[in-house]
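Understanding the architecture of this molecule
Residue-level listing of the chains:
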Amino acid sequence: MTKPMGQVRRATQGDLDAVLNLDQRNPVGHERSELLSARVRSGECLLFEREGKPVGYLIMRSRGFFGRDFIELLVVAAQDRRTGIASRLLHEALSQSLTRETFTSTNESNVAMIALLHKRDWTFSGQLEGIDEGDPEFVFYKRAARAAIRP
Ligand SMILES: CC(C)(COP(=O)(O)OP(=O)(O)OC[C@H]1O[C@@H](n2cnc3c(N)ncnc32)[C@H](O)[C@@H]1OP(=O)(O)O)[C@@H](O)C(=O)NCCC(=O)NCCS
């Protein structure tokens, strides 16, 4: 995997506006904005920044899914996609995870996210009905390669 130019760091309160405005094609609604604000405050948001400008973020909930870490959101600015940023954020999240498996999920219709997870060797866990009508939630996980993890 070629490394995209830029760096990953934890988001702070000062990054909140940039995070909220990152995906111009899908403006963040009130509900999402409250969630992002809470996650930045709790230190659960990783940012990918290029030349001082956030271009992608990932929200990781510690032990948020049956005692396993859970990636709740992963977003890359539309103009910066297909340059390896989401892959880099996933890699960083996995390297920081302290649980044996890390989980994430996305709608069946999200071709890009599903292709990304397959490409990065995530395993399909199953599907959940009843969240978005007619568009099941596909759950994936990846097992940590490291030894220093808690069950
Ligand atoms: C899904 C998303 C995060 C991917 O981010 P990204 O930075 O473009 O992903 P990467 O560059 O790391 O992609 C790695 C690989 O995933 C696959 N992939 C990513 N996007 C793809 C697409 N639109 N179509 C097909 N394959 C895709 C490809 O195999 C790609 O490798 P390649 O570019 O060498 O062919 C991005 O499209 C996005 O922000 N979408 C909107 C938000 C969203 O739906 N998030 C997921 C649910 S929270």
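To start, this report covers the structure provided alongside it.

Scoring rules and cut-offs
- Residues numbered from 1 in each chain as written.
- Predicted model: local features only at pLDDT ≥ 70, side-chain atom pairs only at ≥ 80, totals over all residues.
- Heavy atoms only, no water.
- 1 Å grid on protein atoms, 1.4 Å probe; cavity = no way out; pocket = protein on both sides within 12 Å on 5 of 7 lines; lining within 4 Å.
- Points joined across faces, edges and corners; volume = space filled by probe spheres on them.
- Helix = DSSP H or I, 4+ residues; strand = E, 2+ residues; numbered from the N terminus.
- Nonpolar A, V, L, I, M, F, W, Y, C, P; charged D, E, K, R; others polar.
- Buried < 20%, exposed > 50% of the residue type's maximum accessible area, 1.4 Å probe, protein only.
- Pairing = 2+ DSSP bridges.
- Right-handed = clockwise from strand over helix to strand, strands pointing away.

**Examining the layout of surface pockets**
Within this model, the largest pocket holds a volume of roughly 1200 Å³. Lining the largest pocket are 38 residues; nearest its centre among them are Leu74, Asn110, Ala112, Met113 and Leu116. Listing elements by their share of the lining of the largest pocket, those giving two or more residues are β4 (68–76), α3 (85–96), β5 (101–107) and α4 (111–119). The element best represented in the lining of the largest pocket is β4, accounting for six residues. Here the residues of the lining of the largest pocket sort into 17 nonpolar, 11 polar and 10 charged.

**Let's talk about the pairing of β5**
By the criterion of burial, β5 is predominantly enclosed, with seven of the seven residues buried. Neither face of β5 is exposed, since Glu101, Phe103, Ser105 and Asn107 on one face and Thr102, Thr104 and Thr106 on the opposite face are all buried. Pairing geometry for β4 and β5, over three bridges, is parallel. Following the sheet pairing, Phe70 is matched in β5 by Phe103. Crossover connection from β4 via α3 to parallel β5: handedness right-handed. Relative to strand β7 (residues 137–143), β5 runs antiparallel, the two being bridged by seven bridges. Across the sheet, the residue bridging to Glu101 is Arg143, located in β7.

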